[in-house]
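Architecture at a glance
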Amino acid sequence: HLPMTPRRFALAWFATLLVFLPIDAVWLTLAGARLYTPALGHLLAPQPDLAAAAVFYALYLAGLVVFTVRPDDLSEPWPRSAARAAFFGLVAYATYDLTNQATMRDWPWHITAIDLVWGAVLTAASTLGARAILRRFGPR
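The structure displayed is predicted, hence computed values, not measured ones.

**Topic: the environment of Thr112**
In this structure, Thr112 sits in helix α4 (residues 109-137). Since its relative accessible area comes to 2%, Thr112 is described here as buried. Between the C-alpha atoms of Thr112 and Ala94, which are 18 residues apart in sequence, the distance is 7.6 Å. Polar contacts involving the side chain of Thr112 include one to the side chain of Gln101, which spans 2.6 Å. Here Trp107 takes part through its side chain, which lies 3.0 Å from a polar atom of the side chain of Thr112.

**Some remarks on helix α3 (residues 78-103)**
If you check α3, its first and last C-alpha atoms are 37 Å apart, about what 26 residues at 1.5 Å a residue would give, namely 38 Å. Within α3, the axis deviates most sharply at Ala94, by approximately 30 degrees. Regarding α3, the residues found buried are Ser81, Ala82, Ala85, Gly89, Tyr93, Ala94, Asp97, Asn100 and Gln101. Here the buried face of α3 lies against α1 (6-40), α2 (50-69) and α4.

**Some remarks on the packing of α3 against α4**
Packing of α3 against α4 leaves a shortest axis separation of 7 Å and a crossing angle of 145 degrees. Handedness of the α3/α4 crossing: right-handed.

**Let's talk about the pattern of salt bridges**
Going through the model one piece at a time under the given rule, you end up with 3 salt bridges. We note a salt bridge from Asp73 to Arg70, for which the minimum N-O separation is 3.8 Å. Across the pair Glu76 and Arg84 runs a salt bridge, and its minimum N-O distance is 2.4 Å. We classify Glu76 as buried; its relative accessible area is 8%. Salt bridges sharing common partners tie together Arg70, Asp73, Glu76 and Arg84.

**Details of unusual backbone geometry**
Here Arg70, not a glycine, exhibits a phi torsion of approximately 45 degrees, which is positive. Mapped onto the elements of the fold, Arg70 is located in the loop between α2 and α3. Classification of Arg70 by relative accessible area gives partly exposed; the value is 21%.

**Some points on the side chain of Thr16**
Structurally, Thr16 is set in helix α1. Ignoring any residue separated from it by four or fewer positions in sequence, one finds Thr16 in contact with Leu61, Leu64, Val65, Val69 and Ala130.

The rules behind each value
Residues numbered from 1 in each chain as written. Predicted model: local features only at pLDDT ≥ 70, side-chain atom pairs only at ≥ 80, totals over all residues. Heavy atoms only, no water. Helix = DSSP H or I, 4+ residues; strand = E, 2+ residues; numbered from the N terminus. Buried < 20%, exposed > 50% of the residue type's maximum accessible area, 1.4 Å probe, protein only. Polar contact = N/O pair within 3.5 Å; in protein donor to acceptor, adjacent residues only side chain to side chain. Expected span 1.5 Å × (residues − 1). Bend = angle between axes of the 7 residues up to and from the residue. Contact = heavy atoms within 4.5 Å. Axes fitted to C-alpha atoms, helices over the stretch in contact; angles between N-to-C directions. Left-handed = near helix turned anticlockwise from the far one by under 90°. Salt bridge = Lys/Arg side-chain N within 4 Å of Asp/Glu carboxyl O.

Right, dumping it as structure tokens:
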């Protein structure tokens, strides 16, 4: 185990960003018009609030670094890292989608189900990718 220094945290955060953001951008580009707009178009803002999106990404990636990427312990076997990350993603995305499901009149169940799977897959893939980058290029 290595100590979680601010430098190690920052490197892990940027490694996670390099993996997470392009994957999520592709998903949102492809799924936006095909999935979200038809199901939620009446609820969507004309333009996304980029400041809110930036805060979400900054906080979510910080959560991934601390709870799933864990740059202080890169020796963990990848299946265990993937499982923890998938569960973290499931819980995080469930917080959003199930809250919407419980409180919004027209929130479709299929959106919730798809988002929960997406959150688990995206988080696991981002965690494994960031851990691979850190193992290859990070400080020892």
